[in-house]
Amino acid sequence: MTKEEKLFFQINVAERQEFSWWPHSPTFKAFHSIEPGAKVLDVGCAKGYMARELKKKKCFVAGIEQDIAASAEAKRWCDDLINADMEAAIDNLRYADGYFDVIICLEVLEHLIRPDLVLSKLKRYLNNSGRIILSVPNVARFNHRLQLLAGKFTYNSDGFGALSKGHLRFFTRRSIIELVEDCGYEIVKLDYTGRASQFPVFTGLLAFGFFLIACKK
């Protein structure tokens, strides 16, 4: 996938993302995991839908988003907006080390070339008691396994789900746990999105995605 193709799919997704109040969605879980008044960095903030809701909690929210159209919308809600490729911007954010209480990466890591480097570099911006909140889709969900059994690995073009054309990385429960821990974090909460959040059985097969909260080791 060329840089232009990658950008196209990220733009397509960013402009269509929205906050969901469904209790089993990553946005709902993230919102209720953030304390009022927290300083939050939203990596891949899209149109600023998290910032819009977090303003109700009097949070300070800085967003990073490379989609130009989505960034223009996000400026309405974010206290600060960095319109840049997040993988390039992480090295030199205009914030001191330890500035943020919370860093959010919702449905972002799967779009990155080097999610390991991004996670490792983000640690410097978290304070000692800070937390990073992550969500990723589950590529080992039963429908994807059935496709593989049938000899198929078909990407979809709607921009959502584990097999979106914009995804460069794929995660199972084990691989996302290993990634987070290898990048110097300690997982304090592992949860699921979708029906597996309602009925936590056979989670590796039924979870639409994984929701994690971690702190620095």
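Here the structure is a predicted model, which is why all the values come from computation and not from measurement.

Draft legend 1. Summary view of the sheet that holds strand 3 (residues 80–82). If you walk across this open sheet you meet the seven strands as 3-2-1-4-5-7-6, and the pairing is mixed. The strands lining the two open edges of the sheet, one partner per strand, are strand 3 and strand 6 (185–193). Adjacent strand axes in the sheet meet at a mean angle of 15°, parallel and antiparallel pairs treated alike. Packed on one face of the sheet, helix 6 (residues 115–122) meets strand 1 (39–43), strand 4 (100–106), strand 5 (126–137) and strand 6 and runs near 155° to strand 5.

Draft legend 2. Main features of a nonpolar patch on the surface. A cluster of nonpolar side chains, Phe142, Leu146, Leu149, Phe199, Val201, Phe202, Leu205 and Leu206, forms an exposed patch at the surface whose accessible area comes to about 830 Å². Of all the elements in the fold, those that place two or more residues in the nonpolar patch are helix 7 (142–149) and helix 10 (203–206). Broken down by element, the nonpolar patch gets its largest block of residues, three residues, from helix 7. Within the fold, Phe142 resides in helix 7.

Draft legend 3. How the structure looks around the state of the cysteines. This structure, assessed with the given rule, holds zero disulfides. Cys45 forms no disulfide, and the closest cysteine sulfur to it belongs to Cys78, at a distance of 4.3 Å. Just so you know, Cys59 is unpaired, no disulfide at all, and the nearest cysteine sulfur is the one on Cys78, 12 Å from it.

Draft legend 4. Quick look at the side chain of Asn127. On the secondary structure map, Asn127 appears in strand 5. Among the polar contacts listed, one links the side chain of Asn127 to the backbone nitrogen of Gly130, at a separation of 2.6 Å. Once you skip the residues sitting within four places of it in the chain, Asn127 turns out to touch Gly98, Phe100, Asp101 and Lys216.

Draft legend 5. Structural view of the pattern of salt bridges. According to the stated counting rule, one finds eleven salt bridges in the structure shown. Across the pair Glu53 and Lys56 runs a salt bridge whose closest N-O atoms are separated by 2.6 Å. Look at Glu53 and you get buried, because its relative accessible area is 4%. Looking at Lys56, the relative accessible area reads 59%, which means it is exposed. Across the pair Asp116 and Arg114 runs a salt bridge, and its minimum N-O distance is 2.8 Å. In this structure, a network of salt bridges that share partners links the residues Glu18, Arg52, Glu53 and Lys56.

Conventions we followed
Residues numbered from 1 in each chain as written. Predicted model: local features only at pLDDT ≥ 70, side-chain atom pairs only at ≥ 80, totals over all residues. Heavy atoms only, no water. Pairing = 2+ DSSP bridges. Helix = DSSP H or I, 4+ residues; strand = E, 2+ residues; numbered from the N terminus. Axes fitted to C-alpha atoms, helices over the stretch in contact; angles between N-to-C directions. Contact = heavy atoms within 4.5 Å. Patch = residues over 30% accessible without salt bridge, like charges linked within 9 Å, V, L, I, M, F, W, Y side chains within 5 Å. Areas by Shrake-Rupley, 256 points an atom, 1.4 Å probe, with all protein chains shown as cover. Salt bridge = Lys/Arg side-chain N within 4 Å of Asp/Glu carboxyl O. Disulfide = S-S within 2.5 Å. Polar contact = N/O pair within 3.5 Å; in protein donor to acceptor, adjacent residues only side chain to side chain. Buried < 20%, exposed > 50% of the residue type's maximum accessible area, 1.4 Å probe, protein only.

Everything listed here is a matter of geometry and, on its own, says nothing about what the molecule does.
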